[in-house]
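# Residue-level structural notes
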Amino acid sequence: MIDLPGRASGNANVSLSFNEESAISFDKLPADILSAKWMDSGKDIPFEQTGDTAKFNLLGYSYGQSLCVRVAEIKFK
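Residues numbered from 1 in each chain as written. Predicted model: local features only at pLDDT ≥ 70, side-chain atom pairs only at ≥ 80, totals over all residues. Heavy atoms only, no water.

## What about the confidence of the model for the protein?
When pLDDT is averaged across the protein, the result is 75; 58% of the residues are at 70 or more. Low pLDDT (under 50) marks residues 1–6, which in the prediction has 27 contacts with non-local residues, meaning those over four places away or in another chain. Confidence drops under pLDDT 50 across residues 16–20; counting only partners more than four residues distant or on other chains, this segment forms 9 contacts. (pLDDT = per-residue confidence, 0-100. Contact = heavy atoms within 4.5 Å.)

## Some thoughts on the nonpolar core
Counting residues in each nonpolar core, the largest one holds 7 residues, listed as Leu-29, Ile-33, Ala-36, Trp-38, Ile-45, Ala-54 and Phe-56. Sorting the residues of this core by element identifies β4 (33–38) and β6 (53–57) as the ones contributing at least two each. Of all the elements, β4 adds the most residues to this core, at 3 residues. Here Ile-45 is in contact with Ala-36, Lys-37, Trp-38, Phe-56, Asn-57 and Ala-72, once residues within four sequence places are set aside. (Core = buried A, V, L, I, M, F, W, Y, C linked by side-chain atoms within 4.5 Å. Buried < 20%, exposed > 50% of the residue type's maximum accessible area, 1.4 Å probe, protein only. Helix = DSSP H or I, 4+ residues; strand = E, 2+ residues; numbered from the N terminus.)

## Considering the environment of Ala-31
Among the secondary structure elements, Ala-31 is positioned in the loop between β3 (23–26) and β4. On the basis of relative accessible area, Ala-31 is assigned to the partly exposed category, the value being 25%. Taking C-alpha positions, Ala-31 is 6.0 Å from Phe-76, a pair spaced 45 residues apart along the chain. The contact partners of Ala-31, leaving out residues within four places of it in the chain, are Gln-49, Phe-76 and Lys-77.

Written out as structure tokens, the structure reads:
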């Protein structure tokens with residue numbers, strides 16, 4: 001199984017391999033983050049927060065799913 005960060009995960013015979021990390025940052029956050037998770041799978045999204053800026057490491061989704069929009073839930077203190 002290959003995990004394509006921020007893309008899909010799938011069998012090595014049908015998935016391309018990427019070594020780059022897919023991350024996104026947000027600044028001017030109103031409070032500290034308690035948790036972040038994907039709404040479709042319930043899996044946690046790894047993140048680091050420094051002050052009012054947070055960096056989220058996006059995870060892949062299962063090969064064969066067609067997601068036109070992926071929504072995350074972020075809970076603040």
